[in-house]
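Fold and contact review
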Amino acid sequence: FLMKKLRSDLEIRKRRVPAGDMLAPEKMKAYVRHVLAHNADLERVLIFRDCECTPAETLAASARRVAKYLNVAFPNVKTCFIIVVHALESWLMGAPSAVERILGEQVATGLPTAPESECRPRQFLESLAPAYDHMRDDPRLAQLAGVQEILGRCPSFGTLRDALL
């Protein structure tokens, strides 16, 4: 939902990659080659990596090296890494109005003003809202979340916006 809010004309094709493979250039080359074999019309490949309590800068250097490698290997397709600080739920907590509608006012008022400061945002939401179920609630939150609201609270979301321009 969030990518479609940034660019409604997108056609999104997803593939899950083990986190350990994302920073391995040869393994990622094989994944991208496979995706392109079945989707020759792709313009770009976005690789999302939650940093999950690792400093984003630590992952960013490795991610840049892999992206550079993939952009040389596949020059007709732009490859970008999106480092999510710290996980998708950080971005969702960046939309307190959506949190209030789905999880309640008490939960929304307990959110940090800088959601990316919470190392384990899913667990943080679970502590505020014991009924929170990320499989059920994350898509609902994303559907209601305001892009500008998230951008104002979560700098890493701007990386996704910029990659889609």
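Residues numbered from 1 in each chain as written. Predicted model: local features only at pLDDT ≥ 70, side-chain atom pairs only at ≥ 80, totals over all residues. Heavy atoms only, no water.

Side note on the pattern of salt bridges
Test applied: We count a salt bridge whenever a side-chain nitrogen from Lys or Arg sits within 4 Å of a carboxyl oxygen from Asp or Glu. Strands are runs of DSSP state E lasting at least two residues, helices are runs of H or I lasting at least four, and both sets are numbered from the N terminus onward. Only protein chains enter the calculation, and the probe is 1.4 Å; a residue is then buried if its accessible area is under 20% of its type maximum, exposed if over 50%, and partly exposed in between.
Scanning the model with the defined rule gives 10 salt bridges in all. Here Arg13 and Asp41 are joined by a salt bridge, their closest N and O atoms 3.0 Å apart. Of this pair, Arg13 sits in the loop between α1 (2-6) and α2 (19-22) while Asp41 sits in the loop between α3 (25-38) and β1 (44-50), and the two are 28 residues apart along the sequence. The class for Arg13 is partly exposed, based on a relative accessible area of 32%. One salt bridge connects Arg122 with Glu89, and the closest N-O pair in it is separated by 3.4 Å.

Here's the deal with the packing of aromatic side chains
Heads up, the condition is: To pair, rings of Phe, Tyr and Trp, with the six-membered ring standing in for Trp, must have centres within 6.5 Å; the planes then decide the type, stacked if under 30 degrees apart, edge-to-face if over 60, and tilted in the middle.
For the structure shown, the criterion picks out one aromatic pair. Measuring from ring centre to ring centre gives 4.9 Å for Trp91 and Phe157, while their planes differ by 75°; the resulting arrangement is edge-to-face. Here Trp91 is found in helix α5 (residues 88-93), whereas its partner Phe157 is found in helix α11 (residues 155-164), with 66 residues between them in sequence. Neither Trp91 nor Phe157 differs from the other in exposure class; each is buried.

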